[in-house]
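# Summary of structural features
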Amino acid sequence: QSLGLTNLCEPRLAGQLFESVQVPSKNRGNAKDVNVLAASAFQPTAVIFVPYRAFFAFKAITSGVTCDAKPTTCWHPSFASMPFFGAAKRAQGQGHCPTDVAQSALLTLWDELRTRHAHVSVIGDVERLTAGILQGATERVLLQIPCVMESHHWSFYEGAAIHQKYRAISKEFSFV
């Protein structure tokens, strides 16, 4: 997504940029697909856990606009003059660019961890927080999304059950 060329469910166009990760397609004739490694194919040394359902609950939280989210400075000054749409139209302040706070936090955290770790795994399903993956990780982080994941209550579909499973796992494997 950050390259503006692909969607992560079908990452075909990214392969044009990354020749080294192209493999022959299994079901598209002579075409090539991008070889994306799942966490089970390597041992991550850092793990980020954020329940994927939290993103849907959080989809309307925009920096500087909703849920008391702080404004986000544009990463390039030219972006400040671009027109905004939807909820972002309500943004106030020069040099601020409304962004999806949850996605921005995840990308920032992943980017910071990858400076110290060769393999960072982002896990969105509590059932995938297995001992096999967590044992080798020297850093385990719970990405808490504001307004959705409070310390005592997770406000999304099946949030209570997911939170309970996470708490049980975090007794054996510590998360920050």
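Check the entry above for the structure.
Right, let's walk through the structure included here.

What counts as what
- Residues numbered from 1 in each chain as written.
- Predicted model: local features only at pLDDT ≥ 70, side-chain atom pairs only at ≥ 80, totals over all residues.
- Heavy atoms only, no water.
- Pairing = 2+ DSSP bridges.
- Helix = DSSP H or I, 4+ residues; strand = E, 2+ residues; numbered from the N terminus.
- Axes fitted to C-alpha atoms, helices over the stretch in contact; angles between N-to-C directions.
- Phe/Tyr/Trp six-rings, centres within 6.5 Å; stacked < 30°, edge-to-face > 60°.
- Expected span 1.5 Å × (residues − 1).
- Buried < 20%, exposed > 50% of the residue type's maximum accessible area, 1.4 Å probe, protein only.
- Arc of directions from axis to C-beta.

### Focus: the sheet that holds strand S5 (residues 139-142)
With respect to topology, three strands assemble into an open sheet ordered S4-S3-S5, the strand pairing being parallel. At either margin of the open sheet sits one strand with a lone partner, and together these are strand S4 (120-123) and S5. Across the sheet, the axes of successive neighbouring strands diverge by a mean angle of 15 degrees, strand direction being ignored. Alignment of strand S3 (residues 46-49) against S5, held across four bridges, turns out to be parallel. Bridging from a neighbouring strand, Ala46 pairs with Glu139 of S5.

### What to know about the packing of aromatic side chains
Inspection of the entire model under this criterion finds four aromatic pairs. Chaining the aromatic ring pairs together yields one cluster made of Phe49, Trp154, Phe156, Tyr166 and Phe175.

### Re helix H4 (residues 159-172)
If you check H4, its first and last C-alpha atoms are 20 Å apart, about what 14 residues at 1.5 Å a residue would give, namely 20 Å. Every buried residue of H4 is listed here: Gly159, Ile162, His163, Tyr166 and Ile169. Buried positions in H4, seen along its axis, are confined to an arc of 125 degrees and lie on one side of it. Residues of H4 that are exposed and point over 90 degrees away from its buried face: Ala160, Gln164, Lys171 and Glu172.

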